[in-house]
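Overview (structure and organization)
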Amino acid sequence: MRYLPLTDTDRQEMLGVIGAKSVDELFRDVPEAARRDGLVDLPKRQGELEVERALSKMAAKNVAAGDVPFFVGAGAYRHHVPASVDHLIQRSEFLTSYTPYQPEVTQGTLQYLFEFQTQVAMLTGMEVANASMYDGSTACGEAVLMANRVTKRKKAVLSGTLHPQYAGVVHNLAEFADFALETMPPVLPGAAEDIISRITDETSCVVVQTPGFFGELADLTPIAEAAHAKGALLVAVVPEIVSLGLVTPPGDMGADIVVGEGQSLGNGLNFGGPYVGLFATKQKYLRQMPGRLCGETLDSDGKRGFVLTLSTREQHIRREKATSNICTNSGLCCLAFTIHLSLLGEEGYTRLARINHANAVKLAEKLDAIDGVDVLNEAFFNEFTLRLQAPAKKVVDALADKGVLGGVPASRLIHGDPSVEKLLVVASTEINTDADRDAYAQALAETMKEVL
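Source: prediction; values computed, not measured. (Residues numbered from 1 in each chain as written. Predicted model: local features only at pLDDT ≥ 70, side-chain atom pairs only at ≥ 80, totals over all residues. Heavy atoms only, no water.)

So, the layout of surface pockets
In this structure, the largest pocket encloses a volume near 1,200 Å³. Together, 34 residues line the largest pocket, and Phe70, Val72, Leu269, Gly272 and Arg412 are the ones closest to its centre. Of all the elements in the fold, those that place two or more residues in the lining of the largest pocket are helix 6 (136-151), helix 7 (164-177), helix 10 (392-401) and strand 12 (408-409). Tallying contributions element by element places helix 10 first for the lining of the largest pocket, with four residues. (1 Å grid on protein atoms, 1.4 Å probe; cavity = no way out; pocket = protein on both sides within 12 Å on 5 of 7 lines; lining within 4 Å. Points joined across faces, edges and corners; volume = space filled by probe spheres on them. Helix = DSSP H or I, 4+ residues; strand = E, 2+ residues; numbered from the N terminus.)

So, the packing of aromatic side chains
Evaluated as defined, the whole model comprises six aromatic pairs. Seen in terms of ring centroids, Phe114 and Phe306 are 5.3 Å apart; in terms of plane orientation they differ by 50 degrees. Their pairing is tilted. Here Phe306 lies in strand 9 (residues 304-310) and Phe114 lies in helix 5 (residues 107-124), a separation of 192 residues in the sequence. Take Phe114: its relative accessible area is 17%, and that puts it in the buried class. Residue class for Phe306 comes out buried when judged on its relative accessible area of 5%. Seen from their ring centres, Phe213 and Phe214 are 5.0 Å apart, and the 75 degrees between their planes marks the pair as edge-to-face. A relative accessible area of 4% places Phe213 in the buried class. Classification of Phe214 by relative accessible area gives buried; the value is 2%. (Phe/Tyr/Trp six-rings, centres within 6.5 Å; stacked < 30°, edge-to-face > 60°. Buried < 20%, exposed > 50% of the residue type's maximum accessible area, 1.4 Å probe, protein only.)

A closer look at unusual backbone geometry
The step from Thr210 to Pro211 runs through a cis peptide bond, and the omega angle for that step is -5 degrees. Here Pro211 lies in the loop between strand 4 (205-209) and helix 8 (221-229). Residue Lys152 is not a glycine yet carries a positive backbone phi of 60 degrees. Residue position: Lys152 is located in the loop between helix 6 and strand 2 (155-158). Given a relative accessible area of 74%, Lys152 falls into the exposed group.

Digging into the sheet that holds strand 12
If you trace the four strands from one edge of the open sheet to the other, you get 10-11-13-12, paired in antiparallel fashion. The two strands at the open ends of the sheet, each matched to only one other strand, are strand 10 (373-375) and strand 12. Relative to strand 11 (residues 383-388), strand 10 runs antiparallel, the two sharing three bridges. If you follow Val375 over to strand 11, its bridge partner there is Leu386. (Pairing = 2+ DSSP bridges.)

Focus on the pairing of strand 9
Inspection of the sheet shows strand 8 (residues 293-298) paired to strand 9 by six bridges, in the antiparallel sense. Its bridge partner being in strand 9, Glu296 is matched across the sheet by Phe306. Between strand 8 and strand 9, which pair antiparallel in sequence order, lie five residues; one of them, Gly302, sits at a positive phi of approximately 80 degrees.

Regarding the pattern of salt bridges
Evaluated as defined, the whole model comprises 15 salt bridges. One salt bridge in this structure joins Asp8 and Arg11, with 3.0 Å as the shortest N-O distance. A residue pair is termed a helical-turn pair when its members lie 3 or 4 positions apart in one helix, as Asp8 and Arg11 do in helix 1 (residues 8-18) at three residues. Judged by its relative accessible area of 58%, Asp8 is exposed. Exposure remark for Arg11: the relative accessible area of 33% places this residue in the partly exposed category. Among the salt bridges present, the one from Glu25 reaches Arg28, with a minimum N-O distance of 3.4 Å. Relative accessible area serves as the criterion here: at 24%, Glu25 is assigned to the partly exposed category. Arg28 sits in the exposed class, given a relative accessible area of 59%. A single salt-bridge network, built from bridges that share partners, covers Glu115, Glu296 and Arg304. (Salt bridge = Lys/Arg side-chain N within 4 Å of Asp/Glu carboxyl O.)

Overview of the nonpolar core
Among the nonpolar cores identified, the biggest contains 52 residues, and Val206, Leu234, Ile241, Leu265 and Phe337 are the most heavily contacted of them. When contributions to this core are tallied by element, the ones reaching two or more residues are helix 3 (83-89), helix 5, strand 4, helix 8, strand 5 (233-238), strand 7 (277-281), strand 9 and helix 9 (331-368). Broken down by element, the residue count for this core peaks at 10 residues, all from helix 9. Judged by nonpolar contacts, the second largest core, of 31 residues, contains Leu145, Val259, Met289 and Leu310. (Core = buried A, V, L, I, M, F, W, Y, C linked by side-chain atoms within 4.5 Å.)

Here's the deal with empty space enclosed by the protein
Counted by the stated rule, this structure contains five cavities of 30 Å³ or more. What the largest cavity holds in volume is close to 50 Å³. Forming the boundary of the largest cavity are Tyr77, Pro211, Gly212, Gly215, Pro239, Glu240, Phe381, Asn382 and Glu383. For the lining of the largest cavity, the per-class residue count stands at four nonpolar, three polar and two charged. (Nonpolar A, V, L, I, M, F, W, Y, C, P; charged D, E, K, R; others polar.)

A few points about a nonpolar patch on the surface
A cluster of nonpolar residues, Val17, Ile18, Val23, Leu26, Phe27 and Val30, forms a patch on the protein surface that exposes about 570 Å² of accessible area. Along the chain, Val17 turns up in helix 1. On the accessibility criterion, Val17 (73% relative accessible area) is exposed. (Patch = residues over 30% accessible without salt bridge, like charges linked within 9 Å, V, L, I, M, F, W, Y side chains within 5 Å. Areas by Shrake-Rupley, 256 points an atom, 1.4 Å probe, with all protein chains shown as cover.)

Okay, structure coming up:
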């Protein structure tokens, strides 16, 4: 078994070593009112076979993403990952490697990180990218901290297009890093946001997401120009990296820092992680960029080689002056990203994006024709928002009972706002077939008749 419980003798020996009289003494800092009185309502003991049966029965209550038509997105997307990606990342030299503390010895690791950086810089339209972050949300938080350092200002403006969980990470950092935030209310598709008027001489950066949380695409150029006029930076967030196969890169629209989530390439949903954060910026801001930077050079014999060019992080030379306390990179996940994108190539990547958009358009047209259902978006990539004549949460539950995972109710992520209770965020990628779309449309039509 993977877990062998300790004996009473084992526990007493451990307590003796650390100088505690009992296990309860280890929790003395937890208030009595917060402690559980008595045992958890679970069987005291069962054999391994019985435990496996019980847990398998519980797990069978879940509806898995690959078992039914799947249209869930809102920041994490189900794409097809070629079998060759998983095969290659499981090679022992990749799967078991760790952060290289003598980096030049591990040329293979440095090379794929260098290739990853090159890919991210090209996709985002930026000059330089780092060797990955934890995920998109933490990359967003690091971008705001970096903008504060670059501008020597301490106030950020968050657009209402930003994913609520990304905004939550930034709010958490603001509380402990002592900088001010101005957060705009959620921006529904088709609605205008006057974020430019919020930019002042005290603003360090403006954070805007495209596609936005509700799927709407935006031209960032006017916002970038307004920010630069006030000496502020534009941080662009890209939650769906596949979109850059069709959409103008943020760097070409004037963004100073581009962050995003790279999960869509090479990485499955994985029950929420691990994912891979993308971070790219302009060359002039390189020394304020968090994380690590791998570079290409020539050795003493004139042969091509790779080095760790920059690593101003707390584990290495900078200590308390480090730009970030990010202690590692999502190495295996960014390797999967790099392999998948290399297999696709430029033509394949663009074709993948076109298929995503076409599938979403087909689905939107089908759903918009249903009574009680309206598509709100005018411009979207592979995700859009429905306004239903019923609470979206109830509709999603009813769809799941009919064998369709129909999307994410906006109220699940935006709390305390009655205006979003009937909004449903729907995503459609290359995995969806005509049969999937027909099943969704039929299930949604039946559900709307029932709830109306």
